[in-house]
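# Structural characterization, general
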Amino acid sequence: MSFSSRASLGRRTLTVAVVLATGLAAAPAAAGASPARSWPSYVLGPRSAQVEPVRAEARGAVSRPEALVRPHGRPATLTTTAGRTPASVLLDFGRDVAGTPYLDVVGVSGPVTLQLVTGEARQYLRRPAATTLTAAADPGARQITVASAASLEVGNTITVGAQTRTITAFDTAAATISLDRPLEQGAPAGTAVTTSPGAPASDEAPGLAGVGGPDNLPVTGPGPVTGGFHGGFRFVLLTLTTPGTVALSAARVDFQAYRATPRDYRGWFLSSDDQLNRMWYAGAYTVQLNMKPAGLNGLPDARIYDGAKRDRSIWTGDLLVQGPTIINTLGDVGAGYLKSSLDALFATQRADGALPGSPDFAKGRSPAGFPLFYSNNYSGYGARAAIDYFRYTGDTAYITSLLPALRRELAYNQSFLTADNLVASNDRDFWQATQTGAVTKYSIDYHILLREMAWLERTVGSATEAARYDATADAIKSAVNAELWNPALGAYGQSTDHPDVLVEDANALALQYDFVPADRRASVLSALRKLWTPYGAILGPGLQDPTGHTIEPFGNGMETAGRFAVDDVDGALALMRRTWGPMVDRANPLYTGALWEFKNSAGGVNRASASLAHGWAAAPTVQLTQQILGVQPVAAGYATWAIQPRPGRLAWAQGVVPTRYGDISARWTSHHHRFDLHVSTPRTTRGAVAVPAVTTAWCSSTAAPSAPGSPTATRG
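Being a predicted model, the structure only gives us computed values, none of them experimental.

Attention shifts here to the overall build of the protein. The helix and strand tally for the protein stands at 13 helices and 36 strands. Here the C-alpha radius of gyration of the protein, 28 Å, is about what a compact globule of 716 residues would show, namely 27 Å. For the protein, the spread of C-alpha atoms along the three principal axes comes to 90 × 60 × 50 Å. By residue count, 59% of the 716 residues in the protein fall in the buried class. Summarising the internal contacts of the protein: among those between residues at least 6 apart in sequence, 71% fall at separations of at least 24. On the protein, roughly 25,400 Å² of surface is accessible, and the fraction owed to carbon and sulfur atoms is 52%. For the protein, the centre of its 61 positive side-chain charges and the centre of its 56 negative side-chain charges are spaced 7 Å apart.

Next up, the structure:
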């Protein structure tokens, strides 16, 4: 399988102009303004494999910290004196990077130790202490004994009850803390003790990722000093933890994810909306940060991990978003990474057909990790990820080799279908909370898998099996509508056990996959709107992941897809702006240039290990290409395609989609009741073109001469 855009393949062009008598939602004049930026200017990957920080801030005795950003001949110097605040420099790379930090030491006084910690969010680079007195402190005491001396640093503020002092020394073994001034009042045992801003702390989870954590680097003389590999971080905090002085001429990162420059992009997108453009390229960069090159971390193959820093494992649910994203943006390279990840997944399939949610989870004890058979839903996601690979690449030989394994997986999922044609499994799914009874989303998910398998069987397998799968899918659809629709909600309930609970994911998928009769669609859209907050849509009233997040970009991507499917373009884009808009805002304290795993109810994250470069959040990249630009595969590898832009209130869009037959390019403008669309497709492919006419219109089209199977222009 190979993507190609060689001229020798031949091109076919089609121009469609539609002028409407009435009814086309023309873009506001302001929205029609062309952005000054070209698409390459949105690309977020570093230009060089050696990445330099863009800002530096100092604490303690540090001279010329700016030398680590803009070398000018004189080094940055850190000096730590016993009993005083350790010297530290905070380096900001402006966006997430991945790889090995290294320092150029040009001078040192005696052997010293530099501690290096990384973080995606600045707020988690230091961890305040929170402990209690284990012995009463008398009035006038200048030393206290606490339950734990963790997360302490000399020079930090310490609060004992209501009295604030400064830490001058501490003993971790004896759990004692020395204060700069005596306490004025005594404090009994059990009194709360807190500190600010806290000691340097890593936001990584080495037990999951197998890499990361603080690097304690001994420095004995001039020369390069190298840290360990860190999967995803925007910030580096360097602290001279021992007394002495060290001079540094440079601090850089050897970038070790997939570094894509504009020339590496096989597909691209640009529109009249700057924020949407930034979402598209943030999704592409997110998945690039998730890409583990062959040979890295002791693993010979290339893999797509769920997150840059955590869990750094292949997860099947994430692949549903990452697969189309990586192929639409990187072509052959992306396809290779997805295929290699699928190889790792299917190599760990169980005898009963189940696929692990992750084939390489928890790498703390082994670089290869261990299969985690997480849920029947995630098992089905793995099968769908493989079918997606075939849909986007047309790699018939590979999918044919997987067909027996896919049939076994389908039989495993079939075992959870009840006599009522609904799925009951006590599954945890993507928000990690068990759902009991016959569950609406699980039933729809199995329906989706059956339809995908039916399409695959008709293409490379058995028409008889395809018909059988479709019959089961039809029965599930009928059962969901008969048993799980709740008229009082105006939507589908969560499950037979919780019919009155409104959930986002199930209703979103019901819209996307045509479960909702036309006369009920407005009701479902209205019900989903009740779940919206300023930061995105919640899972449902009273529902949250056990770790505290209530807004899931994975689920919000289902809703935007569902809204696009029923032509609620304005609603889809409005939710995109709420969910992903803050992520691409450079003024946001959590900005990483990438997209986040989840949000809490306040629009932030709940814990240090939250992943701020997580592949399952990249839905806007694929959806903007497929819905706004309008290019989608129909037959495998885009042998047949559909081009149907959904402009909403945008003024124009353009872009390229790579296929094995050559590139598909499209561009359109929408202005004052006129819609102009120009497409160019490989001559050996065929497809249908639909334009957003909503009332009587005349249409003119011009196309280069072509072989049988040329594209057709239709009004939609």
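Next comes the rest of the write-up.
A separate point is the sheet that holds strand S13 (residues 176-179). The strand order S9-S14-S11-S12-S13-S10 describes an open sheet built from six strands, whose pairing is antiparallel. Each of the sheet's edge strands pairs with one partner strand only, and the pair in question is strand S9 (130-132) and strand S10 (143-145). Between one strand axis and the next, the sheet turns by 40° as a mean value, whatever way the strands run. Here three bridges tie S9 to strand S14 (residues 192-196), and the two strands are oriented antiparallel to one another. Counterpart to Ala-130 in the pairing with S14 is Thr-194.

Look at helix H6 (residues 396-414): 25 Å from first C-alpha to last across 19 residues, which is about the 27 Å you get at 1.5 Å a residue. Of all the bends in H6, the greatest reaches close to 45° and is centred on Leu-403; the proline Pro-404 follows between one and four positions later. The complete set of buried residues in H6 reads Tyr-398, Ile-399, Leu-402, Leu-403, Ala-405, Leu-406, Glu-409, Leu-410, Tyr-412 and Asn-413. Contact partners of the buried residues in H6: helix H4 (332-346), helix H5 (376-393), helix H7 (440-460) and helix H8 (463-483).

Looking now at the environment of Ala-368. Within the fold, Ala-368 resides in the loop between strand S23 (358-361) and strand S24 (370-372). The exposure class assigned to Ala-368 is partly exposed, which follows from its relative accessible area of 33%. Along the backbone, Ala-368 and Ala-475 are 107 residues apart, and their C-alpha atoms lie at a distance of 41 Å. With sequence-adjacent residues up to four places away left out, Ala-368 is seen in contact with Leu-299, Arg-303, Pro-359 and Asp-360.

A word on the confidence of the model for the protein. For any part of a model where pLDDT is low, the fine detail of the predicted coordinates should not be relied upon. Looking at the protein, the pLDDT average stands at 93 and 93% of residues meet or exceed 70. When the criterion is pLDDT under 50, residues 4-8 qualifies, and its contacts beyond four places in sequence or with other chains add up to 10 contacts. Contacts for the low-pLDDT stretch residues 21-33, under 50 throughout, to residues beyond four places or in other chains number 26 contacts.

Time to look at helix H2 (residues 274-290). For H2, built from 17 residues, the straight-helix expectation of 24 Å at 1.5 Å per residue is met to within 8% by its first-to-last C-alpha distance of 25 Å. Backbone nitrogen of Gln-275 and a side-chain oxygen of the N-cap are separated by 3.0 Å at the start of H2; the cap is Asp-273.

Right, let's get into the packing of aromatic side chains. This structure, assessed with the given rule, holds 24 aromatic pairs. Taking the centre distance of 5.5 Å and the plane angle of 5° together, the rings of Trp-39 and Trp-268 count as stacked. Of this pair, Trp-39 sits in the loop between strand S1 (11-20) and strand S2 (50-51) while Trp-268 sits in strand S20 (residues 268-271), and the two are 229 residues apart along the sequence. Trp-39 sits in the buried class, given a relative accessible area of 16%. For the pair Phe-269 and Trp-280, a centre-to-centre distance of 6.3 Å together with 20° between the ring planes defines the contact as stacked. A residue pair is termed long-range when its members are at least 10 positions apart, and Phe-269 in strand S20 and Trp-280 in helix H2 qualify at 11 residues. In this structure, Phe-269 and Trp-280 share a single accessibility class: buried. Site record: aromatic cluster; members linked through ring pairs are Trp-315, Phe-361, Tyr-374, Tyr-378, Tyr-381, Phe-430, Phe-554 and Trp-616. Positioned above the aromatic ring of Tyr-42 is the side chain of Arg-37, whose terminal nitrogen or guanidinium carbon lies 3.7 Å from the ring centre. In this structure, Arg-391 packs its charged tip against the face of Trp-455, placed 4.5 Å from the ring centre.

The biggest cluster of nonpolar side chains holds 187 residues, and the ones touching the most others in it are Leu-78, Val-246, Leu-248, Leu-342, Phe-346, Leu-406 and Ile-628. Ignoring anything within four residues of it in the chain, the contact list for Phe-346 reads Leu-355, Gly-382, Ala-386, Leu-402, Ala-405 and Leu-406. Core analysis: the next-biggest nonpolar cluster, separate from the first, contains 16 residues, Leu-133, Ala-137, Ala-149 and Leu-183 among them.

Right, let's get into the environment of His-678. On the secondary structure map, His-678 appears in strand S33 (residues 674-682). Along the chain, His-678 and Leu-14 lie 664 residues apart, while their C-alpha atoms are 5.7 Å from each other.

Let us now look at the pattern of salt bridges. Using the criterion set out here, one finds 38 salt bridges in the structure. A salt bridge links Glu-153 to Arg-59, with the shortest nitrogen-to-oxygen separation between them at 2.5 Å. With Glu-153 in the loop between S10 and strand S11 (157-160) and Arg-59 in strand S3 (residues 55-59), this residue pair connects regions lying 94 residues apart in the sequence. Note on Glu-153: relative accessible area 4%, which makes it buried. Note that Asp-514 and Arg-521 form a salt bridge whose closest N and O atoms lie 3.3 Å from each other. The network of salt bridges with common partners includes Asp-301, Arg-303, Asp-360 and Lys-363.

Examined against the element boundaries, Ala-189 turns out to sit in the loop between S13 and S14. Each C-alpha atom of the pair Ala-189 and Thr-145 lies 9.2 Å from the other, and the pair is 44 residues apart in sequence. If we skip the residues at most four places from it in the chain, Ala-189 touches Leu-133, Thr-134, Ala-135 and Ala-136.

Following both chains from N to C, one finds H6 and H7 inclined at 145°, their axes separated by 11 Å at the closest point. Relative to H7, H6 is oriented so that their crossing is left-handed. Only Tyr-446, Leu-449, Leu-450, Met-453, Leu-456, Glu-457 and Val-460 of H7 make contact with H6, whose side of the interface consists of Thr-396, Ile-399, Thr-400, Leu-403, Leu-406, Arg-407, Glu-409, Leu-410, Asn-413 and Gln-414. Across the contact of H6 with H7, the residue classes break down as 10 nonpolar, four polar and three charged.

Cis geometry marks the peptide bond from Ser-196 to Pro-197; its omega dihedral reads 0°. Within the fold, Pro-197 resides in the loop between S14 and strand S15 (199-200). Cis geometry marks the peptide bond from Arg-310 to Asp-311, where omega comes out at 5°. By the secondary structure assignment, Asp-311 is in the loop between strand S22 (303-304) and helix H3 (316-330). Positive phi, close to 60°, is recorded for Asn-297, a residue that is not glycine.

Note that S11 and strand S12 (residues 163-171) share four bridges and pair antiparallel. Of the residues in S12, the one forming a bridge with Thr-159 is Thr-164. Between S11 and the antiparallel strand that follows it, S12, lie two residues; Gly-161 among them carries a positive phi value of about 65°. Direction of pairing for S12 relative to S13: antiparallel, over a ladder of four bridges. Considered in S13, the bridge of Ala-169 is made with Ser-178.

Cut-off values and rules
Residues numbered from 1 in each chain as written. Predicted model: local features only at pLDDT ≥ 70, side-chain atom pairs only at ≥ 80, totals over all residues. Heavy atoms only, no water. Helix = DSSP H or I, 4+ residues; strand = E, 2+ residues; numbered from the N terminus. Rg over C-alpha atoms; globule rule 2.2 N^0.38 Å. Buried < 20%, exposed > 50% of the residue type's maximum accessible area, 1.4 Å probe, protein only. Contact = heavy atoms within 4.5 Å. Areas by Shrake-Rupley, 256 points an atom, 1.4 Å probe, with all protein chains shown as cover. Lys, Arg positive; Asp, Glu negative; His and termini not counted. Charge placed at Lys NZ, Arg CZ, Asp CG, Glu CD. Pairing = 2+ DSSP bridges. Axes fitted to C-alpha atoms, helices over the stretch in contact; angles between N-to-C directions. Expected span 1.5 Å × (residues − 1). Bend = angle between axes of the 7 residues up to and from the residue. pLDDT = per-residue confidence, 0-100. Polar contact = N/O pair within 3.5 Å; in protein donor to acceptor, adjacent residues only side chain to side chain. Phe/Tyr/Trp six-rings, centres within 6.5 Å; stacked < 30°, edge-to-face > 60°. Lys NZ or Arg CZ within 6 Å of the ring centre and 35° of its normal. Core = buried A, V, L, I, M, F, W, Y, C linked by side-chain atoms within 4.5 Å. Salt bridge = Lys/Arg side-chain N within 4 Å of Asp/Glu carboxyl O. Left-handed = near helix turned anticlockwise from the far one by under 90°. Nonpolar A, V, L, I, M, F, W, Y, C, P; charged D, E, K, R; others polar.

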